[in-house]
Amino acid sequence: MKRNTYCPEGGLLRTEGNRRYTATVEGLRCAMEEGIILEGRGFLCDEARDLHVSLGAFRGIMPKEECLYPGGGEIKDIAIISRVGKPVCCKIIDLQTDEEGNVRPVLSRKEAQRECMHNYVEKLCSGDVVDAKVTHLDPFGAFCDIGCGLVSLMPIDCMSVSRINHPRERFVVGQKIRAVIKHAVDEYGRITLSHRELLGTWEENAERFSPGQTAAGIVRTVENYGIFVELAPNLAGLAECKADVHPGQHAAVYIKSIIPGKMKIKLAIIDVCEGDGLMNDYRYPDTDHLDGWQYSPAECDKLIETVF
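Here's what I pulled together on the structure shown here.

Another aspect to go through is the packing of aromatic side chains. In the structure shown here, the tally under the stated rule is six aromatic pairs. Aromatic side chains Tyr 225 and Phe 228 sit 6.2 Å apart centroid to centroid with 85° between the ring planes, which places their arrangement in the edge-to-face category. Centroid distance Trp 293 to Tyr 295: 5.7 Å. Interplanar angle 45°. Geometry classified as tilted. The pair formed by Trp 293 and Tyr 295 is uniform in burial state, with each residue classed as buried. Through a chain of ring-to-ring contacts, three or more aromatic side chains come together here, namely Phe 171, Tyr 282 and Tyr 284. Directly above the ring of Tyr 21 sits Arg 20, whose terminal nitrogen or CZ lies 5.4 Å from the centroid. When the ring centre of Phe 43 is taken as origin, the NZ or CZ atom of Arg 59, which lies over that ring, is 4.4 Å away.

Given below as structure tokens:
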């Protein structure tokens, strides 16, 4: 049997294999017999809350009870309605013929997700680095698809060492990212993700800058003792107070000094302008697992680290 690929939804839609299996009736039958996970795009949720899916050259139907793993309980309508217009992973569980003689595949997202959970998600360990896709942003965190539409939470304090006010300062819905497993799957099938361990240490970020430079940054917080400006996703400096500056603005800052022993960068704001407040200059390490991570320099008294 062909080995399935468990990627976030949308990752299979335009692949050669997906196109080949969904081009002919023979391809559909082969995919059904071999248990191949395919992807289509939801285009209608009918009155019975069944989801209609465009699957290559065919139009399939996904019964309400087949739309979500684990199933067996009440499936909220929003879980189905929200798939309209979006990629949907599925397995073919039956091939039917309508009154006009057209073949209509019967689809199950639940079975695709069940296999992904047992063969992939349940085998992930703390420290594993995975591909993810941001699906929803809330003030407390970002929900990310880590495979076949199975969603995990990344709490806001795990997004970066630099403090942010809302996940939209770090991500946009639909963005493809890398994430690290902070807590492996629990008894309820939940996984917690983190991101900050993939954004470099203080030293790795600080070495991109030198005293005397003027660099671009984003204003994150304004305090009565100074203004914190983010220079990189895991690096912020403190600037002197300046009138008419508020969080979210883009800033040009003069770097006065860099002090590794105190993890401090002293700045002076040259100018500010309005912007989207989004910092996503990510340079992910080339690794599939982290045993641990220390953000703070060795000579710094304050220790910031993660032990997986």
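With respect to the secondary-structure elements, Ser 162 resides in the loop between β8 (150-155) and β9 (176-183). Ser 162 gets classed as buried once you look at its relative accessible area, which sits at 7%. A polar contact is formed between the side chain of Ser 162 and the backbone nitrogen of Leu 235, at a distance of 3.2 Å.

Let us look at the sheet that holds strand β12 (residues 226-232). The strand order β11-β12-β13-β15-β14 describes a closed barrel built from five strands, whose pairing is mixed. Strand after strand, the sheet turns through a mean of 50° between neighbouring axes, direction not considered. Bridge analysis of strand β11 (residues 214-223) against β12 gives five bridges, and the strand direction is antiparallel. The residue bridging Thr 221 from the neighbouring strand is Phe 228, located in β12.

Parameters at a glance
- Numbering of residues starts from 1 in every chain and runs along the sequence as written.
- The model is predicted, so local features are restricted to residues of pLDDT at least 70 and side-chain atom pairs to those at 80 or more, both for listing and for counting; the totals for chains, interfaces and linings are taken over all residues.
- Hydrogens are left out, water is left out, and the side-chain values use all remaining heavy atoms of the structure.
- The aromatic pairing rule takes the rings of Phe, Tyr and Trp, using the six-membered ring of Trp, and pairs them if the centres are within 6.5 Å, calling planes under 30 degrees apart stacked, those over 60 edge-to-face and the rest tilted.
- With a 1.4 Å probe rolled over the protein chains alone, any residue whose accessible area is under 20% of its type maximum counts as buried; one over 50% counts as exposed, and the rest are partly exposed.
- Only when the NZ of Lys or the CZ of Arg is both within 6 Å of the ring centre and within 35 degrees of the ring normal is a charge said to sit over the ring.
- For helices the rule is a DSSP run of H or I covering at least 4 residues; for strands it is a run of E covering at least 2, with both sets numbered from the N terminus onward.
- Polar contact is the term for a pair of N or O atoms within 3.5 Å; when the atoms are in protein, one must be able to donate a hydrogen and the other to accept it, and sequence-neighboring residues count only if both atoms are side-chain atoms.
- The pairing criterion is simple: DSSP has to find at least two bridges between the two strands.
- Think of each axis as a best-fit line through the C-alpha atoms, taken over the contacting stretch in the case of a helix, with angles from 0 to 180 degrees between the N-to-C directions.

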